[in-house]
Amino acid sequence: MQPCHSSARPAALTLETAPAAELAARPASWWAGVLGVARYAAQPRVALPDVPCAEVQVDALDGSAEPCEVWRGARRADAGRVGALHWRADGDVLFAAQTLHDDEHGLEAASRAAYESLFATLDALGYPHLLRVWNHIGEINAEQDGLERYRSFNIGRQNAFLAHGRGVAGGSVPAASALGAQAGAALAVYALALREAPRALENPRQTSAYHYPAQYGPRAPTFSRAALTDIGGPALFISGTASIVGHRSLHADDVAEQTREVLRNIEALLQQARAQGAPAWQLRDLDCKVYLRHAADLDRVRHVFRQAVGTDARALYLHADICRADLQVEIEAAALCGGQVS
Ligand code: 3EB
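Quantities reported herein were computed from a predicted structural model and do not represent experimental measurements.

## Describing the pairing of strand β15 (residues 226–230)
Here comes step 1: Counted residue by residue, β15 has 4 buried out of 5 residues, so it is predominantly covered.
Here comes step 2: By the bridge criterion, 5 bridges tie β15 to strand β16 (residues 234–241) in an arrangement that is antiparallel. When the sheet's bridge partners are listed, Leu228 is paired in β16 with Leu236.
Here comes step 3: Counting the residues that bridge the hairpin from β15 to β16 gives 3 residues, and of these Gly232 lies at a positive phi of roughly 80°.

Quick look at the structure:
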């Protein structure tokens, strides 16, 4: 995946996507500036050289073998471990990854524990501001003890925010996504955090997730629709975005139309970012991940996506359940190139 093509001023944070086998051959010097890795493979594999690696147990859909996202900072990074949490940080940005099994005390407790140890570490290291969090939950739509697992996760997550005196609505919540993973997979939480607070964005087409009505679960999800920051250059993180308008899922039986609705939501967020002084990013400037509930939808979704974005669109297609049973597709994005946040 090529980095910025139009950039006077690239962010001091870069994203590269490469197959796991290629990374294994990189020399130690190459790893010095790496903050962390997310590896997408149904089966977790060997550890990387002292770099936090989120093992996300989902399959890639477009033939790429075990794709890995590599986050790189501007300088040589420090690293450490606190229990199950592994972090690396370069003075501006911290990457942290953690997996926790939820079989003993349940998913709500595991979610709360994951976020509590994340917050304790961020506060201690001086990177208190969550920028972007990725969550993967095995059997996310399954019911357990009378509640859908995604809804139990939301309770645990929100309780951790509250226990650490963090706001659960408005400008202080991070961009995020929450997707499924292989049955039996440990809860995987990985995140980017900053020394300075990013700007949270909401989508005027959608009810803020932290204000969703109780029909979607006893506790609302704690995330913003996007987060904008400037770390050497501008960077925008668009949360997992689904076919939701207001708070309702739309086009339940039409994955192509769901994809178009997602793209309208992402366009609306790019517009919000511009209103906040971000560069005039277009869809083609984004690094995307496209999550599909059904592998058989790949061709249909990819066709709509390429029609809208162009054939050189940068997208990784992953097979994962979406957090509402009536959603078939979700897209997230990052813009890391060019311009200036004024
Ligand atoms: C939605 O808009 C779709 O719980 O962290 C998207 C992004 C979704 C993040 C989360 C959930 C989350 O509600 C689902």
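## As for the sheet that holds strand β14 (residues 199–201)
Here comes step 1: The 7 strands lie next to each other as β4-β20-β19-β21-β16-β15-β14, forming an open sheet whose pairing is mixed. Either end of the sheet is taken by a strand with one partner, and the two such strands are β4 (59–60) and β14.
Here comes step 2: Pairing geometry for strand β19 (residues 287–292) and strand β20 (residues 314–319), over 6 bridges, is parallel. From the neighbouring strand, Val290 faces β20, where its bridge partner is Tyr317.
Here comes step 3: Where helix α5 (residues 255–275) meets the sheet, its contacts fall on β14, β15, β16 and β21 (329–335), and the angle it forms with β16 comes to roughly 150°.

## Topic: the layout of surface pockets
Here comes step 1: Each pocket or cavity is described by its volume, and for the largest pocket that value is around 330 Å³.
Here comes step 2: Among the secondary structure elements, those contributing two or more residues to the lining of the largest pocket are β3 (53–56) and β8 (93–100).
Here comes step 3: The element contributing the most residues to the lining of the largest pocket is β8, with 3 residues.
Here comes step 4: Residue classes in the lining of the largest pocket are distributed as 11 nonpolar, 5 polar and 4 charged.
Here comes step 5: One number sums up the size of the second largest pocket: a volume of about 270 Å³.
Here comes step 6: Mapped by element, the contributors of at least two residues to the lining of the second largest pocket are α4 (149–163) and β12 (175–181).
Here comes step 7: In terms of residues, the lining of the second largest pocket owes the most to one element, α4, which gives 4 residues.
Here comes step 8: Of the residues in the lining of the second largest pocket, the class split is 12 nonpolar, 3 polar and 6 charged.

## Some details on α4
Here comes step 1: In this model α4 runs 21 Å from its N-terminal to its C-terminal C-alpha over 15 residues, within 8% of the 21 Å that 1.5 Å per residue would give.
Here comes step 2: Taking burial as the measure, the 15 residues of α4 include 12 buried ones, the bulk of the element.
Here comes step 3: Within α4, burial applies to Arg149, Tyr150, Ser152, Phe153, Asn154, Ile155, Gly156, Arg157, Gln158, Asn159, Ala160 and Phe161.
Here comes step 4: Elements that come into contact with the buried residues of α4 comprise α3 (107–125), β9 (129–138), β10 (143–144), β11 (147–148), β12 and β13 (187–194).
Here comes step 5: Of the residues one or two after α4, Gly165 is the one with positive phi, at around 65°.

What counts and what doesn't
Residues numbered from 1 in each chain as written. Predicted model: local features only at pLDDT ≥ 70, side-chain atom pairs only at ≥ 80, totals over all residues. Heavy atoms only, no water. Buried < 20%, exposed > 50% of the residue type's maximum accessible area, 1.4 Å probe, protein only. Helix = DSSP H or I, 4+ residues; strand = E, 2+ residues; numbered from the N terminus. Pairing = 2+ DSSP bridges. Contact = heavy atoms within 4.5 Å. Axes fitted to C-alpha atoms, helices over the stretch in contact; angles between N-to-C directions. 1 Å grid on protein atoms, 1.4 Å probe; cavity = no way out; pocket = protein on both sides within 12 Å on 5 of 7 lines; lining within 4 Å. Points joined across faces, edges and corners; volume = space filled by probe spheres on them. Nonpolar A, V, L, I, M, F, W, Y, C, P; charged D, E, K, R; others polar. Expected span 1.5 Å × (residues − 1).

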